[in-house]
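Geometric and topological summary
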Amino acid sequence: AQSVAQPEDQVNVAEGNPLTVKCTYSVSGNPYLFWYVQYPNRGLQFLLKYITGDNLVKGSYGFEAEFNKSQTSFHLKKPSALVSDSALYFCAVRDFISSGSARQLTFGSGTQLTVLP
Amino acid sequence: EAGVTQFPSHSVIEKGQTVTLRCDPISGHDNLYWYRRVMGKEIKFLLHFVKESKQDESGMPNNRFLAERTGGTYSTLKVQPAELEDSGVYFCASSQDRSSGRDTQYFGPGTRLTVL
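My aim in this report is to walk through the structure given alongside it, one point at a time. All chains use their own residue numbering, which begins from 1 and follows the written sequence. Chain A is the first chain written and ligand 1 is the first ligand written, with later ones labelled in order. For this predicted model, a pLDDT threshold of at least 70 governs which residues receive local features, and a threshold of 80 or more governs which side-chain atom pairs are given and counted, while totals over whole chains, interfaces and linings are taken from all residues. Each side-chain value is derived from all of the structure's non-hydrogen atoms; neither hydrogens nor water enter the calculation.

Here we take up the overall build of chain A. Put simply, DSSP marks the helices as runs of H or I at least four residues long and the strands as runs of E at least two long, and each gets a number from the N terminus on. From N to C terminus, chain A includes zero helices and 12 strands. Sequence-ordered secondary structure for chain A, helices as α and strands as β, is β-β-β-β-β-β-β-β-β-β-β-β. Throughout, radius of gyration means the C-alpha value; the globule benchmark is 2.2 Å times the number of residues raised to the power 0.38. By the compact-globule yardstick of 13 Å for 117 residues, chain A fits well, its C-alpha radius of gyration being 14 Å. With the C-alpha coordinates of chain A rotated into their principal frame, the extents come out at 45 × 30 × 25 Å. Scored against the burial criterion, the 117 residues of chain A give a buried share of 47%. What makes two residues a contact is simply this: any of their non-hydrogen atoms within 4.5 Å. Here the contacts in chain A between residues at least 6 apart in sequence split such that 59% fall between residues at least 24 apart. Only carbon and sulfur atoms are counted for the fraction: they give 50% of the accessible area of chain A, which is about 5,300 Å². Burial status follows relative accessibility: with a 1.4 Å probe on protein chains alone, a residue under 20% of its type maximum counts as buried, one over 50% as exposed, and anything between as partly exposed. Each accessible area is a Shrake-Rupley result for a 1.4 Å probe, and residues are judged covered by the shown protein chains and nothing else.

Pairs may arise between side chains of opposite charge once their charged atoms sit close together. Residues and elements named next belong to chain B. Salt-bridge detection follows one rule: a side-chain nitrogen of Lys or Arg within 4 Å of a carboxyl oxygen of Asp or Glu. Counted by the stated rule, this structure contains seven salt bridges over all chains. Of the charged contacts, one joins Asp86 and Arg36 as a salt bridge, the two residues approaching to 4.0 Å between their closest N and O atoms. Linking Asp86 in the loop between strand E8 (75-79) and strand E9 (88-95) with Arg36 in strand E4 (residues 31-37), this pair joins segments that are 50 residues apart in sequence. The burial state of Asp86 is the same as that of Arg36; both residues are buried. A salt bridge links Glu57 to Lys54; the shortest N-O distance between them is 4.0 Å. Overall, the relative accessible area of 43% leaves Glu57 in the partly exposed class.

Let us look at the side chain of Ser94 of chain B. Residue and element names in this part refer to chain B. Note on placement: Ser94 falls in strand E9. The buried category is assigned to Ser94, whose relative accessible area is 0%. If we skip the residues at most four places from it in the chain, Ser94 touches Val4, Pro25, Ile26, His29, Asn31, Leu32, Tyr33, Thr104, Gln105 and Tyr106.

Residue and element names in this part refer to chain A. Buried Ala, Val, Leu, Ile, Met, Phe, Trp, Tyr and Cys residues form a nonpolar core when they are joined through side-chain atoms within 4.5 Å. Core analysis: the largest hydrophobic core is formed by 28 residues, its most contacted members being Trp35, Leu47, Leu48, Phe74, Leu76 and Tyr89. At the level of elements, strand E2 (10-14), strand E3 (19-21), strand E5 (31-38), strand E6 (44-50), strand E8 (64-68), strand E9 (73-78), strand E10 (87-95) and strand E12 (111-116) are the ones that each hand at least two residues to this core. If you tally residues by element for this core, the top one is E10, at four residues.

As a further point, take the state of the cysteines. Any two cysteine sulfur atoms within 2.5 Å of one another count as a disulfide. Inspection of the entire model under this criterion finds two disulfides over all chains. Between the sulfur of Cys23 of chain A and that of Cys91 of chain A lies a disulfide, 2.0 Å long from S to S. Around the S-S axis, the bridge from Cys23 of chain A to Cys91 of chain A shows a dihedral of about -65 degrees and counts as left-handed. Linking Cys23 of chain A in the loop between E3 and strand E4 (24-26) with Cys91 of chain A in strand E10, this pair joins segments that are 68 residues apart in sequence. The disulfide bridge from Cys23 of chain B ends at Cys92 of chain B, spanning 1.8 Å between sulfur atoms. As the torsion about the S-S bond is roughly -65 degrees, the Cys23 of chain B-Cys92 of chain B disulfide counts as left-handed. Placement of the pair is Cys23 of chain B in strand E3 (residues 19-24) and Cys92 of chain B in strand E9, with a sequence separation of 69 residues. Considered together, Cys23 of chain B and Cys92 of chain B belong to a single accessibility category, that of buried residues.

Here you go:
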């Protein structure tokens, strides 16, 4: 079975400061990892994904995430936060080894990011 | 290119009534998924279509939920009869790649269902 943990329900950061939203995962095989963001009254928007290759993945809006296999983590980062980054962030995983026809994503519980002006 | 669309955006019904949610995937996407987020918890998988076929319905909570995708285009999710615990946000997603499994799922805005 696959699972995702987002240990922080809420993250507050001052505008201009770096931000980190944490995510750890558990899978049987190799993970496909995703970050999505939900702005108020909007749907889930894809930010970035890790499939294979370089452990540092760059995505939309200046976000990046680092895949760390030994720590089973995939933390989302941004060097300089903007007030407009305030939103709900979800980490998700898909287990490659058990894929077959199963394509479902397993999501974390979400982290509310608030960037303070 | 239009994204995934869902209708309605909100639905308020009474316990015991029937509600039908609709999802239109991105054009050309064979894969269509339904998820839901209940009580602000995790987003949970419900089922997966490949074209008109149900590939995986392991997440469907019970037989009050019926999903269809006739013709392999849009999909409907019917809840009959609705119960209080069905309240939540129902998301639809679609993806293109049928073979590698590396495809990205693109989500719609969701339907917020409230059962009173």
